[in-house]
Amino acid sequence: PYIDPQRYIKHNNNYGFVHPLNRCTPQAFSHFSWEHTRHLLMVVDIQGVGDLYTDPQIHTANGQGYGTGNVGLTGVARFLTTHKCN
């Protein structure tokens, strides 16, 4: 589907940033991915339009795989520091 670049929002990133709009769904999804995988991986860098997300990054507990954006537990800790459960 077409993604309107004027409506495209980066909801969070690899390093703890949370968009000031702070929609619940993207942040909850990142947190859910961490809990559901029993603290093995977290999906972050959530961006897109509405609830259509593109180009995520994955942090792993051991910091391996998923490219150079995977900063492991450092990235997970940064997310958890800025995340507020709803």
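Further up the page is the structure itself.
Small disclaimer: the values here were computed from a predicted structure and weren't measured.

With that settled, the discussion passes to the overall build of the protein chain. In terms of regular secondary structure, the protein chain is built from two helices and five strands. Moving toward the C terminus, one meets the helices and strands of the protein chain in the order β-α-β-β-β-β-α. For 86 residues, the compact-globule formula gives about 12 Å, and the C-alpha radius of gyration of the protein chain, at 12 Å, lands near that figure. C-alpha extents for the protein chain along the principal axes are approximately 35 × 30 × 20 Å. Counting all 86 residues of the protein chain, 35% fall into the buried class. Sequence separation of 24 or more characterises 48% of the internal contacts of the protein chain that already satisfy a separation of 6 or more.

Let us now look at the side chain of Asn14. Structurally, the position occupied by Asn14 is in the loop between strand E1 (9-10) and helix H1 (24-36). Using a relative accessible area of 11% as the deciding quantity, one classes Asn14 as buried. In terms of polar contacts, Asn14 uses its side chain to reach the backbone carbonyl oxygen of Gly69, at 3.1 Å.

Rules of the game
Per chain, residues are indexed from 1 in the order of the written sequence. Where totals are concerned, whole chains, interfaces and linings use all residues; where local detail is concerned, this predicted model gives features only for residues with pLDDT of at least 70, and gives and counts side-chain atom pairs only at 80 or more. Hydrogen atoms and water are omitted, and side-chain values are computed over all heavy atoms in the structure. Strands are runs of DSSP state E lasting at least two residues, helices are runs of H or I lasting at least four, and both sets are numbered from the N terminus onward. Radius of gyration: C-alpha atoms only; globule rule: 2.2 Å multiplied by the number of residues to the exponent 0.38. Only protein chains enter the calculation, and the probe is 1.4 Å; a residue is then buried if its accessible area is under 20% of its type maximum, exposed if over 50%, and partly exposed in between. In this description, contact between two residues means that some pair of their heavy atoms is separated by no more than 4.5 Å. A 3.5 Å cut-off defines polar contacts: any pair of N or O atoms within that distance qualifies, except that in protein one atom must be a possible hydrogen donor and the other a possible acceptor, and neighbouring residues in sequence count only when both atoms are side-chain atoms.

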